[in-house]
Amino acid sequence: SGSGKFFVGGNWKCNGTKDSITKLVSDLNSAKLESDVGILQPLFFNPYVVVAPPFVYLDQVTSSLTDRIEVSAQNSWIGKGGAFTGEISVEQLKDIGCKWVILGHSERRHVIGEDDQFIGKKAAFALNEGLGVIACIGELLEEREAGKTFDVCFQQLKAFADVVPSWDNIVIAYEPVWAIGTGKVATPQQAQEVHVAVRDWLKKNVSEEVASKTRIIYGGSVNGSNCGELAKEEDIDGFLVGGASLKGPEFATIVNSVT
Ligand code: PEP
């Protein structure tokens, strides 16, 4: 990224125990992060770092994690809380100090079956209530092979664009589904190509300002060894990290790949 607005998220998914999460938080608390340097700290964290623990550990993490790292949920309900068994509301997330939510993750789309409209509603509600949204998009392998990568990403983007009140608190995560949890990272060129297309879509369909200031981060098998090359690409403004975010030192390496 050339923009100086690096954003790194750690998606812990459905992993961890009280013990392993205590250890991970302690490793993150003692990690040396690039955000520790610079005279403008702590006003301008650069990079901006968030982690997304499972719901049941959110409170433990928000109360024990360094305030250099913010906390995100992995999902939220589409509206106000109430008679929605098994769901967690945006108000509840805010109540425990959670600042962000990941929405549209491929596992929610393709394993749980959430569609564009449902995800869009969740995003609009969360943003209206003041949470930041990490809005995930990305194509399946067969869609890439059929030459539909841009169409799929644009359609998912449009579902967000149609309903969100503003783009101020949105980070877009481009996560090709074939790269998530597979060890098959996109090449820097493959990722950059889509990031440019997404930025261009924002320019044409939202505004030039939103296109230039919205962070577009890459996710899909990012690790401590491949982050450096990806981070050099002009339009890659950070990462959403799954597996490698469960290891404190490796996650710190990824955070510190900021360029
Ligand atoms: C993710 O789930 O957002 C992700 C990118 O996972 P992984 O890094 O394990 O591929």
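Just above sits the structure.
Residues numbered from 1 in each chain as written. Predicted model: local features only at pLDDT ≥ 70, side-chain atom pairs only at ≥ 80, totals over all residues. Heavy atoms only, no water.

A.B. asks: Any chance you could explain the site of the ligand here in plain terms?
C.D. replies: If you check the shell around the ligand, you find 14 residues, and the closest are Lys-13, His-105, Glu-175, Gly-181 and Ser-221. Between the ligand and Gly-242, the relevant distance is 2.8 Å, taken from an oxygen atom to a main-chain nitrogen or oxygen of the residue. Take Gly-243: an N or O atom from its main chain is 2.8 Å from an oxygen atom of the ligand. The residue makeup of the shell around the ligand, split by class, is four nonpolar, eight polar and two charged. (Near = heavy atom within 4 Å. Polar contact = N/O pair within 3.5 Å; in protein donor to acceptor, adjacent residues only side chain to side chain. Nonpolar A, V, L, I, M, F, W, Y, C, P; charged D, E, K, R; others polar.)

A.B. asks: It is not clear to me how the pairing of strand E1 (residues 7-11) should be interpreted in this structure. Could you clarify?
C.D. replies: Looking along a regular strand, one sees side chains alternate from face to face of the sheet. Burial of E1 is extensive: five of the five residues sit out of reach of the surface. Of the two faces of E1, the one holding Phe-7, Gly-9 and Asn-11 and the one holding Val-8 and Gly-10 are both buried throughout. Across five bridges, E1 lies against strand E2 (residues 48-52) in parallel orientation. Residue pairing for E2: Phe-7 is matched across the bridge by Tyr-48. As defined by bridge partners, E1 adjoins strand E8 (residues 238-241) across four bridges and the pair is classed as parallel. Among the inter-strand pairings, Phe-7 is bridged to a residue of E8, identified as Gly-238. (Buried < 20%, exposed > 50% of the residue type's maximum accessible area, 1.4 Å probe, protein only. Helix = DSSP H or I, 4+ residues; strand = E, 2+ residues; numbered from the N terminus. Pairing = 2+ DSSP bridges.)

A.B. asks: Any chance you could explain unusual backbone geometry here in plain terms?
C.D. replies: Despite not being glycine, Lys-13 has its phi angle at roughly 50 degrees, a positive value. Take Lys-13: it is sitting in the loop between E1 and helix H1 (18-30). For Lys-13, a relative accessible area of 18% translates into the label buried.

A.B. asks: Help me understand the layout of surface pockets in this model?
C.D. replies: Any empty space left between atoms is shown by rolling a water-sized probe over those atoms. Space inside the largest pocket adds up to approximately 380 Å³. The wall of the largest pocket is formed by 16 residues, among which Lys-13, Cys-14, Gln-74, Glu-107 and Arg-108 lie closest to the centre. Elements represented by at least two residues in the lining of the largest pocket include exactly helix H2 (55-64) and helix H4 (106-112). Take the lining of the largest pocket: its biggest share by element is four residues, from H4. Looking at the lining of the largest pocket residue by residue, the classes come out as nine nonpolar, four polar and three charged. (1 Å grid on protein atoms, 1.4 Å probe; cavity = no way out; pocket = protein on both sides within 12 Å on 5 of 7 lines; lining within 4 Å. Points joined across faces, edges and corners; volume = space filled by probe spheres on them.)

A.B. asks: Quick question: what am I supposed to make of the pairing of E8 here?
C.D. replies: Of the two faces of E8, the one lined by Gly-238 and Leu-240 and the one lined by Phe-239 and Val-241 are each fully buried. Bridging between strand E7 (residues 216-219) and E8 involves two bridges; their strand directions are parallel. Its bridge partner being in E8, Tyr-218 is matched across the sheet by Phe-239.

A.B. asks: Please explain empty space enclosed by the protein as it appears in this structure.
C.D. replies: As enumerated under the stated definition, the model contains one cavity of 30 Å³ or more in all. Considering only enclosed or pocket space, the largest cavity measures out at about 40 Å³ in volume. Together, Gly-104, Ser-106, Arg-109, His-110, Cys-136, Ile-137, Gly-138, Gln-156, Glu-175, Val-177 and Ile-180 line the largest cavity. At the level of secondary structure, the elements contributing two or more residues to the lining of the largest cavity comprise H4 and strand E5 (132-137).

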